[in-house]
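# Analysis of the macromolecular model
Now for the letters of each chain:
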Amino acid sequence: MRQTRRDCLTLLGAGLLPFRASAAGAESASLRALAARTGITFGTAATHELFDDETYRALIVQQCGIIVPGRGLKFDWLRPDEKSFAFEEGDRLLAFAKAQGLAMRGHTLIWNDWPPDWLKRAPLSTLPYILDQHVERVMTHYAGALQSWDVVNEPFVAWGNAPGGFRQGPWYSAMGPDYIFRAFQRAAAADPRTKLVLNEAWTERSDVYGLAVRKSLLRLVDQIKDKGLRLDAIGLQAHLDPAIAYDDASFVDFLHALEARGVEIYITELDINDASYSGSFAERDKQAADRVYTFLKHALSVKALGMVVCWGLADRYTWLREPSVLAALKLTRLARALPYDDDLQPKPMRDALARAFLEREI
Ligand code: XIL
């Protein structure tokens, strides 16, 4: 049963909870515990660094209730060629999660971005069959073991020029938007126990692009539901970028519109691109923390929100430092995007998460 704030304070008085409702207590309690108190599962993306870096691994076990492979279950990683399924990294992460009592979620079955060359070359008429086989084989492999699956990732793109704003790519070229319905239909049949998620970027911005994607996403949720397909949750990535327009009120309205459609909401890839902040590390970290706190505080006010996953826990492993991402985003310095720093020490962003969880009244 979910504990209320009052229960929590009573238990604290009785010394039964490992933290105190104070800023100092929030520092020592794990993010996992602070989030769980208010019905939220907290976690992180994980890749090979989890195996290579013992201290980081310990931090994940200490702070997280769930992990999600950052790359190991993506189509391009899993499918080096049409015949092979490279389950090693996913299996290794799942074995680790099970041994440590962590949940794991799956990311992601079908995505029009990052298609391997062999898929780009495949005759379009074969893509429905490849989709069916992929969803069935991968979901069956992990049946019953994963908390949720991102069945489709990023159906829309902010500057998409396909009708309806859909992201173009092999699946879209072969089937149009039907690839989405097909994937959900096959996913529901392959594993009735895991939660089925539609994951999207872009909605955490209130500029013309963000507003268009929000509208398109709501329409897509209605279409999936109208077809009688199972859709359990909407994943919102939350790669925050303070250089882009954002307003809390319209984002909360959007979350309520999702909630009204009977889906859960997960924040699936939280981090912050701090390129637009100036000053010392301390000044940048403070601004980033304020932004994350405000964002989360509002998101957490919505009852349907059930999960917050960061896209990594420590700056040294943020994807925003990968050479290809540095180049694509024209970043001229290393991002400080995550709750822990390069030395795995907690940053103000860590306090921001803790405070937002602690203050949730739901
Ligand atoms: C990123 C990974 O973190 C990187 O390692 C990889 O180079 C590119 O993809 N949205 C998503 C994630 O849904 O899968 C992306 O992950 C980040 C953006």
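Look a little higher up for the structure.
By convention here, each chain's residues receive numbers from 1 onward along its written sequence. Confidence filtering applies because this is a predicted model: local features only for residues at pLDDT of at least 70, side-chain atom pairs given and counted only at 80 or more, and all residues used for totals across whole chains, interfaces and linings. Excluded from the side-chain calculation are hydrogens and water; included are all heavy atoms of the structure.

## Things to note about the overall build of the protein
- In terms of helices and strands, the protein carries 16 helices and 10 strands.
- C-alpha extents for the protein along the principal axes are approximately 65 × 40 × 40 Å.
- Three labels apply to residues, based on accessible area from a 1.4 Å probe with only protein chains included: buried if under 20% of the type maximum, exposed if over 50%, partly exposed otherwise in between. Split into buried and exposed, the 362 residues of the protein put 56% on the buried side.
- A contact between two residues is defined here by any heavy atoms of the two lying within 4.5 Å. Across the protein, contacts joining residues at least 24 apart in sequence account for 77% of those joining residues at least 6 apart.
- Accessible surface computed for the protein: about 15000 Å², of which carbon and sulfur atoms make up 53%.
- Of the charged side chains in the protein, 44 are positive and 46 negative, and the gap between their average positions amounts to 3 Å. Numbered from the N terminus, helices here are DSSP runs of H or I no shorter than four residues, and strands are runs of E no shorter than two. Note on areas: Shrake-Rupley with a 1.4 Å probe; residue coverage comes only from the protein chains shown. For the charge count, each Lys or Arg is scored as positive and each Asp or Glu as negative, with His and the chain ends excluded. Every charge is mapped onto a representative atom, which is NZ of Lys, CZ of Arg, CG of Asp or CD of Glu.

## Notes on the site of the ligand
- When we say a residue is near a molecule or strand, we mean one of its heavy atoms is within 4 Å of it. Near the ligand you find Lys 74, His 107, Trp 111, Trp 114, Asn 153, Glu 154, Gln 237, His 239, Glu 269, Trp 311, Trp 319 and Glu 322, and these make up its full shell.
- Identification of polar contacts relies on pairs of N or O atoms within 3.5 Å, with a donor-acceptor requirement for protein atoms, meaning one able to donate a hydrogen and the other able to accept it, and with residues adjacent in sequence counted only if both atoms are side-chain atoms. The contact in question runs from an oxygen atom of the ligand to an N or O atom on the side chain of His 107, over 2.7 Å.
- Between an oxygen atom of the ligand and a side-chain N or O atom of Asn 153, the distance comes to 3.0 Å.
- Considering the ligand on its own, with 420 Å² of exposed area, one finds that the protein chains cover 85% of that surface.
- Residues belonging to the shell around the ligand are distributed by class as follows: 4 nonpolar, 4 polar and 4 charged. Any residue outside Ala, Val, Leu, Ile, Met, Phe, Trp, Tyr, Cys, Pro, Asp, Glu, Lys and Arg is labelled polar, Gly included; the first ten of those are nonpolar and the last four are charged.

## Details of helix α13 (residues 248-259)
- In this analysis, the expected span of each helix is defined as 1.5 Å times one less than the number of residues it contains. Spanning 12 residues, α13 covers 16 Å between terminal C-alpha atoms, matching the ideal 16 Å at 1.5 Å per step.
- Among the residues of α13, Asp 248, Phe 251, Val 252, Phe 254, Leu 255, Ala 257 and Leu 258 are the ones counted as buried.
- On the buried face of α13, the contacting elements are α12 (208-226), β7 (233-236), β9 (264-272) and α14 (281-299).

## Let's talk about unusual backbone geometry
- With an omega dihedral of 0 degrees, the bond running from His 107 to Thr 108 counts as a cis peptide bond.
- Here Thr 108 is to be found in strand β4 (residues 106-111).

## As for the environment of Phe 251
- Structurally, the position occupied by Phe 251 is in helix α13.
- Measuring from C-alpha to C-alpha, the distance between Phe 251 and Phe 295 comes to 9.1 Å, with 44 residues separating the pair along the chain.
- Setting aside residues no more than four positions away along its own chain, Phe 251 makes contact with Thr 203, Glu 204, Arg 214, Leu 236, Tyr 246, Phe 295 and Ala 299.

## Topic: the pattern of salt bridges
- Definition used for salt bridges: Asp or Glu carboxyl oxygen within 4 Å of a side-chain nitrogen of Lys or Arg. Counted under the stated rule, the structure contains 20 salt bridges.
- Among the salt bridges present, the one from Asp 150 reaches Arg 105, with a minimum N-O distance of 2.6 Å. Of this pair, Asp 150 sits in strand β5 (residues 148-153) while Arg 105 sits in the loop between β3 (103-104) and β4, placing them 45 residues apart in sequence. Comparing Asp 150 with Arg 105 shows no difference in burial state: the two are buried.

## Regarding the pairing of β7
- Burial along β7 is two-sided: the face carrying Ala 233 and Gly 235 and the face carrying Ile 234 and Leu 236 are both buried.
- For two strands to count as paired, DSSP must find a minimum of two bridges between them. Pairing analysis gives 4 bridges linking strand β6 (residues 195-200) to β7, with the strands arranged parallel. Residue pairing in the sheet places Val 197 in a bridge with Ala 233 of β7.
- Here β7 pairs with β9 via 4 bridges, running parallel. Bridge pairing in β9 links Leu 236 to Ile 267.

## What about the packing of aromatic side chains?
- For this analysis, a ring pair means two rings from Phe, Tyr or Trp (six-membered ring only for Trp) whose centres lie within 6.5 Å, classed as stacked if their planes differ by under 30 degrees, edge-to-face if by over 60, and tilted for the remaining angles. As enumerated under the stated definition, the model contains 14 aromatic pairs in all.
- Look at Phe 85 and Phe 87: their rings are 5.8 Å apart centre to centre, the planes differ by 20 degrees, and that puts the pair in the stacked class.
- Given the relative accessible area of 14%, Phe 85 is considered buried.
- A relative accessible area of 7% means that Phe 87 is categorised as buried.
- Centre to centre, the rings of Phe 251 and Phe 254 are 6.3 Å apart; their planes meet at 40 degrees, and the pair counts as tilted. Taken together, the residues Phe 251 and Phe 254, both in helix α13 and 3 residues apart, mark about one turn of the helix.
- The class for Phe 251 is buried, based on a relative accessible area of 0%.
- Overall, Phe 254 belongs to the buried group, its relative accessible area being 4%.
- Among the aromatic side chains, those forming a connected cluster through ring pairs are Tyr 246, Phe 251, Phe 254 and Phe 295.
- Should the NZ of a Lys or the CZ of an Arg lie within 6 Å of a ring centre and within 35 degrees of the ring normal, that charge is described as sitting over the ring. It is Arg 137 that lies over the ring of Phe 85; its NZ or CZ is 4.4 Å from the centre.
- Between Arg 291 and the ring centre of Tyr 246, over which it is positioned, the NZ or CZ distance is 4.4 Å.

## Describing the nonpolar core
- Here the nonpolar core consists of buried residues drawn from Ala, Val, Leu, Ile, Met, Phe, Trp, Tyr and Cys, with membership extended through side-chain atoms lying within 4.5 Å. Ranked by size, the top nonpolar core spans 109 residues in total, and within it Phe 42, Trp 171, Phe 184, Leu 258, Leu 270 and Phe 357 carry the most contacts.
- For Leu 270, the residues in contact, after removing those within four places along its chain, are Gln 237, Ala 238, Leu 240, Val 292, Phe 295, Leu 296, Val 308, Val 309, Cys 310, Trp 311, Leu 338 and Leu 353.
- Among the nonpolar cores identified, the runner-up in size contains 9 residues, and Ala 45, Val 68, Val 197 and Val 309 belong to it.

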